[in-house]
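Structure at a glance
Residue-level listing of the chains:
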Amino acid sequence: MILYALIDDQSNRSLATPTLLDNFKETCSFERCEYNLSVKETIRTDKLFQKTKNDEEVGWSIEDRQFIELMDKECYRDGPNLTNDLLRILWRFRENKFAAAADIEQMFYSFHVKEEHREFLRFLWYRNNDTNMELIECRMKARVFGNSPSPAVAAYGLRKSVESDDVDTDVKDFVNRNFYVDDGLISSTSETEAISLLQRTQTTLQNGGNLRLHKFISYSPTVMSAFPAKDLNKEVKTLQLDKDDLPTHRSLGLLWDLSTDNFLFDTQLRESQHTRRGILSVLKSIYDPLGFAAPFTIRGKVLMRDITKGYGLDDPLENNAVEKWKAFQKSLATLHELAIPRMIVPLSLSHGTDTKLHVYCDASEQAVCVVAYLNTQDEKGNQHIGFALGKAKVAPTHGHTIPRLELCAAVLGTEVAQTVQRNLNIDLKSTCYYSDSKVVLGYIYNKTKRFHNYVANRIQRILEVSDSDQWRYISTSDNPVDYGTRGLLTAEDI
């Protein structure tokens, strides 16, 4: 059972302690934790703890549920969101040639709970961790998974461990910007730089916060060879790094093929019922945060909208709708053939010059799509173009003309460009936007005519982050994002 983790096998440290429940009085008063510590709430226990016919049954009774809801609402707050944006971490992971990942050992358990707050973490468990002995009441001494404040506390503690003035700037940057909870991803211009950063970060976290950075993994055998086997990820601990093929590793949800340095897709989708809920479950299981397969997956979203119209979440679909869905599911299997280079372009972006961002926008009756590419130049003057980000949304079914949908695509294009500009560690020489709608370009170029509120508001949003001379016309046949608005039949088309 999961509570056996309360005794850490490696350090043999106790993460819980026995306690006794105080006798409840007619009313109980407690202070809110974390926030508004001066405010006290009084709760009548005769209303909170009522005897019910479910008291003798296994599971939560009514008063148990009321108590948990009360604790969640009044005592345990989520705290500030200190978790880094996943998309930004993945972008920086794609910037440079040599990439690596690492993990903090038992991150939540590394942070203790204040003595006065342990009262809110009581639970029943067997004495001495022996299932043959009686149940006793215990309190958690460390932060636990599923507890609302734990992520904020752990993220704060992690950053606090590198606050010292003698910590190197690149170590602080790695910990503060490139960790998603306990997983850290880096990409460096050289193997020496990657090794140095990981080793210095490991030492800093150990000294500054008693945190162990381990499970190192990289597509570079040289990087992994710089660490003892006990610190490597379990997938490579037993390999001969200079001879054996490297495995596929999952980094923040993405499948990373270490032998080829490519991202792959997991197409082993579980069977689901032919209902709106079942179809939605399959589509949501395709993890694609960067939009690599957006021209393909948007077709599935449009199909779901069309064949489930008028059905409830669990209503079985008609046979013709089921056949259409099965045909799409069959084509999903081709996603395993799709391999995307981890790097945006074949050279480290920090070594590139004259780097430009190109954003393409398009819309149809089915979808609104945007794709962004980076164009950079190496020291020999060769041009390199790479995929940065793709976005695809299902178009509304009513109330929007094609020009208005194209305008929505232009707004989405500026949002994508802003996101890329903010989060890449490079300076862009310029940003160019492309649309195959002359109507939208006419809206953007206009200096005198006044538009209806719908158009005027969106033009204002576009011109707040771009200039009209950044927008250019591109024919539909040359617009790469046109594939997204039409939808592709198989991954091979991508």
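Residues numbered from 1 in each chain as written. Predicted model: local features only at pLDDT ≥ 70, side-chain atom pairs only at ≥ 80, totals over all residues. Heavy atoms only, no water.

The next point concerns the overall build of the chain. A tally of helices and strands in the chain yields 14 helices and 18 strands. Burial statistics for the chain: of 494 residues in total, 45% are counted as buried. Taking the contacts inside the chain whose residues are at least 6 apart along the sequence as the reference set, 68% of them involve residues at least 24 apart. As displayed, the chain offers around 26,800 Å² of accessible surface, 48% of which is attributable to carbon and sulfur atoms. (Helix = DSSP H or I, 4+ residues; strand = E, 2+ residues; numbered from the N terminus. Buried < 20%, exposed > 50% of the residue type's maximum accessible area, 1.4 Å probe, protein only. Contact = heavy atoms within 4.5 Å. Areas by Shrake-Rupley, 256 points an atom, 1.4 Å probe, with all protein chains shown as cover.)

What follows deals with the packing of aromatic side chains. Under the defined criterion, the tally for this structure stands at 15 aromatic pairs. Following the ring pairs from residue to residue traces out a cluster consisting of Phe93, Trp256, Phe263, Phe292, Tyr360, Tyr373, Phe387 and Tyr434. Lying across the ring of tyrosine 454, arginine 458 places its NZ or CZ 3.7 Å from the centre. (Phe/Tyr/Trp six-rings, centres within 6.5 Å; stacked < 30°, edge-to-face > 60°. Lys NZ or Arg CZ within 6 Å of the ring centre and 35° of its normal.)

Turning to the confidence of the model for the chain, a few remarks are in order. On average, residues of the chain score 82 in pLDDT, and 83% of them are at 70 or above. Below pLDDT 50 for its whole length, residues 1–12 participates in 22 contacts with residues either more than four positions away or in separate chains. Residue range residues 20–58 is modelled with pLDDT below 50. Its contacts to residues more than four positions away, or to other chains, number 63 contacts. (pLDDT = per-residue confidence, 0-100.)

Counting buried residues in strand β9 (residues 213–218) gives five out of six residues, a clear majority hidden from the surface. Pairing between strand β4 (residues 98–104) and β9: four bridges, direction antiparallel. For isoleucine 104, the partnering residue across the bridge sits in β9 and is leucine 213. (Pairing = 2+ DSSP bridges.)

The next point concerns the environment of aspartate 427. In this structure, aspartate 427 sits in the loop between α11 (402–423) and β17 (430–435). Judged by its relative accessible area of 74%, aspartate 427 is exposed. In sequence terms aspartate 427 and threonine 355 are 72 residues apart; their C-alpha atoms lie 7.5 Å from each other.

Attention shifts here to the sheet that holds β9. Pairing is antiparallel across the open sheet formed by four strands, whose spatial order is β7-β8-β4-β9. Edge strands, defined here as strands with exactly one partner in the open sheet, are β7 (179–180) and β9. Lying on the sheet, helix α3 (residues 86–93) is in contact with β4, β7 and β8 (183–188); it crosses β8 at an angle near 35 degrees. (Axes fitted to C-alpha atoms, helices over the stretch in contact; angles between N-to-C directions.)

With respect to the element layout, threonine 355 can be found in strand β14 (residues 353–363). Residue threonine 355 is classed as buried on the basis of its relative accessible area, which comes to 4%. In this structure, the C-alpha to C-alpha distance between threonine 355 and leucine 374, residues 19 residues apart in sequence, is 6.9 Å. Setting aside its immediate chain neighbours within four residues, threonine 355 contacts Leu374, Asn375, Thr376, Ile426, Asp427, Leu428, Lys429 and Ser430.

This part covers the sheet that holds strand β13 (residues 340–341). Reading across the sheet, the four strands line up as β10-β11-β12-β13 and stay open at both edges, with antiparallel pairing between neighbours. Among the strands making up the open sheet, the edge pair consists of β10 (248–251) and β13.

Right, let's talk about the pattern of salt bridges for a bit. Summed over all chains, the structure comprises 17 salt bridges. In this structure, aspartate 354 and lysine 429 form a salt bridge, with 3.0 Å as the shortest nitrogen-oxygen distance. Of this pair, aspartate 354 sits in strand β14 while lysine 429 sits in the loop between α11 and β17, and the two are 75 residues apart along the sequence. Here the residues in one salt-bridge network are Glu105, Arg212 and Asp231, joined through shared partners. (Salt bridge = Lys/Arg side-chain N within 4 Å of Asp/Glu carboxyl O.)

Let's shift gears to the environment of glutamine 106. Checked against the element boundaries, glutamine 106 lands in the loop between β4 and β5 (122–126). Considered as a pair, glutamine 106 and leucine 211 are 105 residues apart in the sequence and their alpha carbons are 8.7 Å apart.

With 14 residues, helix α10 (residues 319–332) extends 20 Å from end C-alpha to end C-alpha; this agrees with the ideal 20 Å at 1.5 Å per step. Within α10, burial applies to Ala321, Val322, Trp325, Phe328, Ser331 and Leu332. Elements that come into contact with the buried residues of α10 comprise α8 (276–284) and α9 (294–307). (Expected span 1.5 Å × (residues − 1).)

With that settled, the discussion passes to α3. Most of α3 is tucked away, with seven of its eight residues classed as buried. What α3 keeps buried is the set Leu86, Leu87, Ile89, Leu90, Trp91, Arg92 and Phe93. Put simply, aspartate 85 is the residue that caps the front of α3, since its side-chain oxygen is 3.1 Å from the backbone nitrogen of leucine 87. (Polar contact = N/O pair within 3.5 Å; in protein donor to acceptor, adjacent residues only side chain to side chain.)

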